[in-house]
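Chain and residue survey
The residues making up each chain are set out below.
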Amino acid sequence: WFAGPVTRITFGKEQYQWHPARKKGYADPDGPPLVNKLNGDRDTRYSLPAASLTILRGRISSGSH
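Residues numbered from 1 in each chain as written. Predicted model: local features only at pLDDT ≥ 70, side-chain atom pairs only at ≥ 80, totals over all residues. Heavy atoms only, no water.

Our next topic: the overall build of the protein. When you go through the protein residue by residue, the secondary structure sums to zero helices and five strands. Of the regular secondary structure in the protein, the N- to C-terminal order runs β-β-β-β-β. Expected size for 65 residues packed as a compact globule is a radius of gyration near 11 Å; at 16 Å, the protein overshoots this value by more than 25%. C-alpha extents for the protein along the principal axes are approximately 50 × 20 × 15 Å. (Helix = DSSP H or I, 4+ residues; strand = E, 2+ residues; numbered from the N terminus. Rg over C-alpha atoms; globule rule 2.2 N^0.38 Å.)

Moving on to the packing of aromatic side chains. Following the criterion strictly, the structure yields two aromatic pairs and no others. Arranged with centres 6.0 Å apart and planes meeting at 25°, the rings of F11 and Y16 form a pair that is stacked. With relative accessibility at 26%, the residue F11 sits in the partly exposed group. (Phe/Tyr/Trp six-rings, centres within 6.5 Å; stacked < 30°, edge-to-face > 60°. Buried < 20%, exposed > 50% of the residue type's maximum accessible area, 1.4 Å probe, protein only.)

We now examine the sheet that holds strand β5 (residues 53–60). Here we have three strands laid out as an open sheet, ordered β4-β1-β5, and antiparallel in their pairing. The open sheet has two edge strands with one neighbour each: β4 (34–40) and β5. Adjacent strand axes in the sheet meet at a mean angle of 15° when their direction is disregarded. The pairing of strand β1 (residues 2–11) with β5 spans seven bridges and is antiparallel. When the bridges of β5 are listed, F2 appears paired with I60. (Pairing = 2+ DSSP bridges. Axes fitted to C-alpha atoms, helices over the stretch in contact; angles between N-to-C directions.)

A separate point is the side chain of T7. With respect to the helices, strands and loops of the structure, T7 is situated in strand β1. With relative accessibility at 16%, the residue T7 sits in the buried group. Among the polar contacts made by the side chain of T7, one reaches the side chain of K37 at a distance of 3.2 Å. Aside from chain neighbours lying at most four places away, what touches T7 is V35, N36, K37, I55, L56 and R57. (Polar contact = N/O pair within 3.5 Å; in protein donor to acceptor, adjacent residues only side chain to side chain. Contact = heavy atoms within 4.5 Å.)

Quick look at the structure:
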């Protein structure tokens, strides 16, 4: 689990626009990724948005407590 500050970087439906073109549909970036700061611990649960690329960055706990 993460221990302490966690940065969540998300590029999802809110950050791009989908252009349907049958089998050749594509996403067009429309803005920068969404960045949130969280505090992580053993009991923290992370909700990942559908159809997104989400990166979690932080320090991993080295303890088993």
